[in-house]
Amino acid sequence: MKDKIIALLDSAIEEIDKDTITSLLEQPPKPELGDYAFPCFQLAKILRKAPPMIATDICSKIEKPDYIEKIEVQGAYINFFLNKSTYAKEVVTRAKVDGYGESEEGKGKTICIDYSSPNVAKNFHVGHLRTTVIGNSLYKIYSKLGYKVERINHLGDWGTQFGKLIVAYKSWGSEDLVKEKGIEELMRLYVKFHEEAEKIPELEDEARAWFHKMETGDEEALKIWKWFFDISLEEFKRTYKLMGMEFDHYTGESFYRDKTDDVVKELTDKNLLTDSEGAKIVDLSEYDMAPCLILKKDGSSIYATRDIAAVEYRKNTYNFTKCLYVTGQEQKLHFAQVFKVMELLGNDWAKDSLVHIPYGLVSLGGEKLSTRGGNVIYAEDILLEAISKIKEVIETKNPDLENKDEVSRIVGVGAVIFNDLYNQRIKDVSFKWEHLLNFDGETGPYVQYTYARCSSILRNVSDFDIDTEIDYSVLTDSASVELIKEIDRFPTIIKDASERYEPSVVARYSVDLAQAFNKFYTENRIAVDEKNVRNARCMLTAITRRILKDSLDLLGIGCVERM
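Residues numbered from 1 in each chain as written. Predicted model: local features only at pLDDT ≥ 70, side-chain atom pairs only at ≥ 80, totals over all residues. Heavy atoms only, no water.

Our next topic: unusual backbone geometry. One non-glycine residue, Ser 116, adopts positive backbone phi at about 70 degrees. Here Ser 116 shows up in the loop between β4 (110–114) and α6 (128–144). Positive phi values are uncommon outside glycine, yet Asn 319 reaches one of about 50 degrees. Its place among the elements puts Asn 319 in the loop between α13 (303–318) and β9 (322–328). (Helix = DSSP H or I, 4+ residues; strand = E, 2+ residues; numbered from the N terminus.)

We now examine the sheet that holds strand β8 (residues 292–295). Strands in a sheet are paired, the pairing made by backbone hydrogen bonds, and the direction either parallel or antiparallel. Pairing in this open sheet of 3 strands is antiparallel, and the strands run β6-β7-β8 from one edge to the other. With partners counted over all chains shown, the strands left at the sheet margins are β6 (273–276) and β8, one partner each. Within the sheet, the average angular offset between the axes of one strand and its neighbour, ignoring direction, is 45 degrees. Sheet analysis places strand β7 (residues 279–282) next to β8, joined by 3 bridges and oriented antiparallel. Note that in β8 the partner of Lys 280 across the bridge is Leu 295. (Pairing = 2+ DSSP bridges. Axes fitted to C-alpha atoms, helices over the stretch in contact; angles between N-to-C directions.)

Right, let's get into the pairing of β6. Summarising the sheet, β6 and β7 pair through 4 bridges and their orientation is antiparallel. Note that in β7 the partner of Ser 276 across the bridge is Ala 279. Hairpin connection between β6 and β7: a loop of 2 residues separates the two successive antiparallel strands, and Glu 277 in this loop has a positive phi of roughly 55 degrees.

With that settled, consider the pairing of strand β10 (residues 354–359). β10 sits mainly inside the fold: 6 of its 6 residues count as buried. Across the two faces of β10 the burial is the same, with Leu 354, His 356 and Pro 358 and Val 355, Ile 357 and Tyr 359 all buried. (Buried < 20%, exposed > 50% of the residue type's maximum accessible area, 1.4 Å probe, protein only.)

The tally for this structure, following the rule as stated, stands at 25 aromatic pairs. Measuring from centroid to centroid gives 5.1 Å for Phe 255 and Tyr 313, while their planes differ by 75 degrees, and the two rings are edge-to-face. In this pair, Phe 255 sits in the loop between α11 (219–243) and α12 (260–269) while Tyr 313 sits in helix α13, placing the two residues 58 residues apart along the sequence. Chaining the aromatic ring pairs together yields one cluster made of Tyr 115, Phe 124, Phe 236, Tyr 240, Phe 247 and Tyr 250. (Phe/Tyr/Trp six-rings, centres within 6.5 Å; stacked < 30°, edge-to-face > 60°.)

Here you go:
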């Protein structure tokens, strides 16, 4: 409906464009001032008239359609009052159909999303949750819009750190302990290496030598590396399963190690490589960037080399429209360098197709997490703690609930994911249990509880059919209209979230929808004797329930029928 009013104004106003009209159109603070209002102050300078006079002139050019009850000028504002019954019918007719909010925008197009990407032989800590849940949500959002999405887990499974780990394992580790404790033991060895290297700097040279052996195909080095890789992937997949997530590809850095020679050759052939103290770099000073390191002094590849190889492989394999990289904002320069090198190689598509999607830090109690220092909180521990705490609440409030373990998992994991995605991704996130698990605040459990409430209402009204005829005059009270407005927003919300790479748009919308429904539920009895009233209100309940489920699904969160 907002789009329709924007179109009416656009046809009547020549002096400003549609985007400006969209930015100016607002919802008045009081219902008596209309459903939408357009202020004319900005036009005063252009037309050299008083804003009230401009409002009157514009209003005279608009022919009132059926869905508008009246248009009034009040001072400098043009106020639009919707025909509530017509509006309700239009929205309900669209929203009750399966697939509401879906689009064919992405038909025939592919988007690659590079996300999660934990480092092999290091724990999947709480900091990795951000990239994982943001990337998973973007996958679902773009799929809803019709794109084919390739979910790529670019594991950190190559680099000098594995030389360090091999040195640590051979110096202070044992096969039995690694088999018994897995990543926990590998992490202990990794931390041990850095402690010892501060006292014995030569260990760093030894680590570089072992990584060079990996790069040159040394059998012993690769055997140990592959063992560490398999142990790590098994533990990562356990965490992904707990969150209900999957990937299409686990193609980490090692996948591209046999493709880096082609990158070096291509850069050499195009005269982009220069020597720098024995290393090979691409000079980016012309673009106000530090040089992009391609080969280290010993000839080993580095992150950038492998990332360039990955871009070329993905473009050739998937012919993506866009390739998105969901990583921390501290990697902004790295990706700017990689993308610029891709442009310099003559790839005109790189400028618009390669997108870095940064996010802020995550902390527990305000303390930044550091792998090297050993100050680590496992993501799995956070998730299991949330599940445990939700189960305690259920045991207190609804001890007879069926499937308590599964409900606790869905609500507990959902609470952690929602806590992250409710924040704009660029902002830092802190885990605070008292907020995270609140059933009354702007939280995942609150939205899930509203969904369960909708389910309960519909179970208790056995004669409702979503295809029944509706008396739309029942849905003209303010609470019903506000709920209908939220329902109307859903397709625009998905589109907005995709354009901004911002799952928080969906998360915040789900809270708005839940709040609007709970107000509607408070002010309107649903299980009443009058069938026309009961059916109309059940219709809004059924549509709300479906959109809440779809919204939570777009965030990677499940729903439960009873809580």
